[in-house]
Every structure is written in structure tokens, then in C-alpha cells.
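Chain residues, written in single-letter form:
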Amino acid sequence: MFEIFKETDKGRTGQLSLNHGFVTTPVYMPVATRGAIRVAPLNELKQLGYSLILNNTYHLVLRPGLEVLEKIGGTHRFMGWDKNVLTDSGGFQIYSLKHSMKIRNNGLEFRSPIDGTKFFFTPEFVAQAQNIIGSDIAMQLDVCLGYPASESEAKKAMDVTLRWGERFLSVEPLQGQKRFGIVQGGFSKRLRRESAVLTASLPFDGFAIGGLSVGEPEELMYELTYEVLDALPKQAPKYMMGVGDPVQIVELASMGIDMFDCVQPTRHARHGWVYSWQDGPQVIVRGKYKFDFRPLEYQPQYTYGYLHHLFKAGEPLGLFIATVENLSYMADLMRKLRAAIEGGSVDSLKEEIRYQWRKRIIGE
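Only a predicted model underlies this, so the values are computations on that prediction, with no experimental measurement involved. (Residues numbered from 1 in each chain as written. Predicted model: local features only at pLDDT ≥ 70, side-chain atom pairs only at ≥ 80, totals over all residues. Heavy atoms only, no water.)

Chemist: So what's going on with the nonpolar core? Residues and values would help.
Modeler: Counting 97 residues, the largest nonpolar core has Phe260 and Ile353 as its most contacted members. Element by element, the count of residues in this core is highest for helix 13 (residues 316–343), at 13 residues. In this structure, Phe260 is in contact with Pro26, Val27, Tyr28, Met29, Tyr239, Met240, Val243, Ile249, Leu252, Ala253 and Met334, ignoring residues within four places of it in sequence. Of all hydrophobic cores here, the second largest spans 19 residues; its members include Ile4, Val23, Leu52 and Ala208. (Core = buried A, V, L, I, M, F, W, Y, C linked by side-chain atoms within 4.5 Å. Buried < 20%, exposed > 50% of the residue type's maximum accessible area, 1.4 Å probe, protein only. Helix = DSSP H or I, 4+ residues; strand = E, 2+ residues; numbered from the N terminus. Contact = heavy atoms within 4.5 Å.)

Shown next as C-alpha cells:
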């Protein structure tokens, strides 16, 4: 399933072999939570070279529902996407429904924020749902905590996640489907390592790190990631859930993380942030861009001034252009990252990305 091409002390490159083709790593997965990238059709992603995107089991169960997906033959046909799909189990999204969610021994009980319908997600149901969805990579159901969390809370969440991992694996997978376990453990190095060791003892195809990038200090995230990676099997793919900040992606990839996902690039686009390799992120709605007629980096037929106009005028085309620009940047970032790992220039890339994304934005 996973072949490592080159491994160094500054990260590794490799290739996932999945039902809908190969995926080179490190890889960033655009988030099509409800079966769509907001304001950008999926054929744009193909043109940019993406071969793996993310759907969310929780959202697809709510709408359109498993009956629809089963009748049409899965999410690939439903979306018109013939590349790979990873489905998150929805544990994080359900956790965010704090006032209507209850953690039971058997699973997660919650009410739909759409119409109040009561749902009960068990590890077995989540596995079966991802079979119906047609996931190329399916994620186990887990218990996610926010920051901060006590060690006792983290221990309980870790123990439940481990039990649910075993139950998740008891369901027969879709032919060729790969299944990933999720390491929890809160913000304790001891629990993180323990969770990694115990999760690695189960026959998962890959491993994800969950429950980080939820408000904790950046350095703590790196420290806990190191503890986890040190305890997981080296040959398996490693997935850091919910990280899309370019500085963090490069840093975590240099530690050995292979896969990333986050809504940040597309969400930023909808709020007027345009990514540029030359200039870093540009907040296009600022007045200084009104008379800026430089071409965009990845869509040079448009200018910053034109994009500023579209946002100010409320034209949906502006959202589309900004989204494509940011996803182009992320695809370019991952190509440069893989080349830097292969060529031994990761430190230079780190310095360049940090300058773009830290000094220019927050004035370091």
C-alpha cells in the first residue's frame, strides 16, 4: 500500500497505492467535506494534479444520506470524481456539537443540527457507512478533545478510541479499502506514546494523529508529534489531521508526516486571502489592492486589482478565483516540499516559508 522512495532526517517521500490510483507523498488533501470543494468544481483539482481529497462521513450521512449514496454506487460517482477519497469518520465534527452530543460506551449519540434527528454512531456503523460511501481510505471513529484537557479526560478518550478501533476493524472492509487508526492521548507525552504503541498493535494500514492543532501552542504540537512518530511503525503512512498551515506542514513533513488535510486554504480564499509563492498570503480586500494590476501568480489572466474589485462587488467569481489560486499554491508547495526532501534542501524551504507566513503576517 505504501512505498517509501527516500527517507532522510528531514522527512521522506513515497507513494500510496489506492483503489483509484497512486498518490505521491507528502500530500495535502483538499477538503470536500460534503462532497464538494466550496465554489470550485472538482475538475479544477484534477488539472492541478490532486489525486486524493477528503469527504466527511458525518456530513454525508446527514446529507444526502447513505440511501442516496448506496443507490448511485458511492461518492465517486456522486461527485463525478475518479481519483481517491479519504473519509474522516466525523468524530471531530460530532464533538463540536457539545450541547447535543453524548459519549456512550458503544458510540456517539447526537442530534442533527439540520432537523434535530437523533443519530447514534458506533464504530461498526462508521465502518459500514464508509463502505457504502466507497472510501479508498476509511478512518476509525475516535473521541477528540479540545485544548486544554486534563490527563484523566485524555486517558478516557484514549481508552475509548482504542476500543472503538478494535470494533471498527471487526467489520469487513470494502475490497481494496485501506483503514487508518487514530492516535489520541490529549496533551500528555506519556499518553500520546502509550496510545501510539497500542494503536500500532492493531492491524491498521496507516495511522493518523488526531486531537492536535486544536488551539495548543505550536511547539507543543511538534513535541507530541515527535513522541507519536517515535512509537509508530516506520513503514506505515502517517497522517496529521487538520493541519493546513504551510509552516506547520513543512515542519511536520520534515519529522516524517506523510499526509495532511485542512479547510484553511479554501476558507482563507472565501475570506479574501490569496496565497502567493512570491509575496506570501495577500489579504486582497485591503484598499491597497484597488490599483494593484500585477498578475496573480497561478492565474496571470487576472490581476490583484480585478480580484479586489470582485470581492468588493460581492461577485462569486472572486471566490472561485481565490480558491483556485490557493489550491494551486498548495499543490506547488507539496511539489517543492517533495523536491526539497529528495534534494536535501528542506531547511532552506523552511526558512522561505516561515518568512512568507510568519514575518509578513504577524511581524516577527
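Now, onward.
Chemist: Lay out the sheet that holds strand 2 (residues 11–18) with the relevant residues and their values.
Modeler: The strand order across the open sheet built from three strands is 1-2-3, with neighbouring strands paired in antiparallel fashion. A single partner strand is all that each edge strand has here, and the edge strands are strand 1 (2–8) and strand 3 (21–25). Direction aside, the axes of adjacent strands within the sheet are offset by 10 degrees on average. Examined bridge by bridge, strand 2 and strand 3 share five bridges and lie antiparallel to one another. Each bridged residue has a counterpart across the sheet, and for Gln15 the counterpart in strand 3 is Thr24. On top of the sheet, helix 13 reaches strand 1, strand 2 and strand 3; it is set at about 125 degrees to strand 2, its chief contact. (Pairing = 2+ DSSP bridges. Axes fitted to C-alpha atoms, helices over the stretch in contact; angles between N-to-C directions.)

Chemist: Please set out unusual backbone geometry residue by residue, giving values where relevant.
Modeler: Comment: phi is negative for the bulk of residues other than glycine, and the bulk of peptide bonds are trans. Pro26 follows Thr25 through a cis peptide bond whose omega is 0 degrees. Omega for the bond connecting Arg63 with Pro64 falls within 30 degrees of zero, at 10 degrees, which places this linkage in the cis form. The residue Pro64 is located in the loop between helix 2 (57–62) and helix 3 (66–72) in this model. The backbone phi angle of Val39 is positive, close to 65 degrees, even though this residue is not glycine. Mapped onto the elements of the fold, Val39 is located in the loop between strand 4 (27–29) and helix 1 (42–47). Since its relative accessible area comes to 37%, Val39 is described here as partly exposed.

Chemist: A description of the packing of aromatic side chains should follow, citing residues and the corresponding values.
Modeler: Scanning the entire structure with this criterion turns up 13 aromatic pairs. Between Trp277 and Tyr329 the ring centres are 5.4 Å apart and the planes differ by 40 degrees, which places this aromatic pair in the tilted class. With Trp277 in the loop between strand 15 (273–274) and strand 16 (282–283) and Tyr329 in helix 13, this pair connects stretches of sequence that are 52 residues apart. Note on accessibility: Trp277 and Tyr329 belong to one class, buried. Centroid distance Tyr302 to Tyr306: 5.9 Å. Interplanar angle 15 degrees. Geometry classified as stacked. Pairwise contacts between aromatic rings join Tyr58, Phe110, Phe119, Phe121 and Phe125 into one cluster. (Phe/Tyr/Trp six-rings, centres within 6.5 Å; stacked < 30°, edge-to-face > 60°.)

Chemist: Give me the lowdown on the pairing of strand 9 (residues 118–121), citing residues and values where you can.
Modeler: The sheet contact formed by strand 8 (residues 108–111) and strand 9 spans four bridges and is antiparallel. Bridging from a neighbouring strand, Glu109 pairs with Phe120 of strand 9. The loop that links strand 8 with its antiparallel partner strand 9 comprises six residues; one of these, Gly116, has a positive phi angle of about 85 degrees.

Chemist: Account for the pairing of strand 1, naming residues and giving values.
Modeler: Pairing of strand 1 with strand 2 involves six bridges; the strand directions are antiparallel. Each bridged residue has a counterpart across the sheet, and for Lys6 the counterpart in strand 2 is Thr13. Connecting strand 1 to the antiparallel partner strand 2 that follows it, the hairpin turn spans two residues.

Chemist: Tell me what's going on with the pattern of salt bridges, and back it up with residues and numbers.
Modeler: Tallied over the full model, the rule gives 17 salt bridges. One salt bridge connects Asp82 with Lys46, and the closest N-O pair in it is separated by 3.0 Å. Separated by 36 residues along the polypeptide, Asp82 in the loop between helix 4 (75–79) and strand 6 (84–88) and Lys46 in helix 1 bring together distant segments of the chain. According to the relative accessible area criterion, Asp82 is partly exposed, its value standing at 46%. With a shortest N-O distance of 3.4 Å, Glu251 and Lys350 are connected by a salt bridge. Taken as a pair, Glu251 in helix 10 (residues 246–255) and Lys350 in helix 14 (residues 346–362) lie far apart in primary sequence, 99 residues in all. Shared partners join several salt bridges into a network, and the residues in it are Glu7, Arg12 and Asp258. (Salt bridge = Lys/Arg side-chain N within 4 Å of Asp/Glu carboxyl O.)

Chemist: Residue-level account of a positive patch on the surface, with values.
Modeler: A cluster of basic residues, Arg34, Arg38, Arg63 and Arg267, forms a positive patch at the surface. Note on placement: Arg63 falls in the loop between helix 2 and helix 3. (Patch = residues over 30% accessible without salt bridge, like charges linked within 9 Å, V, L, I, M, F, W, Y side chains within 5 Å. Areas by Shrake-Rupley, 256 points an atom, 1.4 Å probe, with all protein chains shown as cover. Lys, Arg positive; Asp, Glu negative; His and termini not counted. Charge placed at Lys NZ, Arg CZ, Asp CG, Glu CD.)

Chemist: Summarise helix 13; cite the residues concerned and give the values.
Modeler: Here helix 13 is 28 residues long and its end C-alpha atoms lie 41 Å apart, about the 40 Å a rise of 1.5 Å per residue gives. Within helix 13, 20 of the 28 residues are buried, which leaves it mostly tucked inside the rest of the structure. Gly344 occupies a position one or two residues after helix 13 and carries a positive phi of about 75 degrees. (Expected span 1.5 Å × (residues − 1).)

Chemist: Please set out the environment of Met334 residue by residue, giving values where relevant.
Modeler: Topologically, Met334 is positioned in helix 13. Remark: the alpha-carbon pair of Met334 and Thr25, spanning 309 residues in sequence, is separated by 8.2 Å. When neighbours within four sequence positions are excluded, Met334 is seen to be in contact with Pro26, Val27, Tyr28, Ile249 and Phe260.

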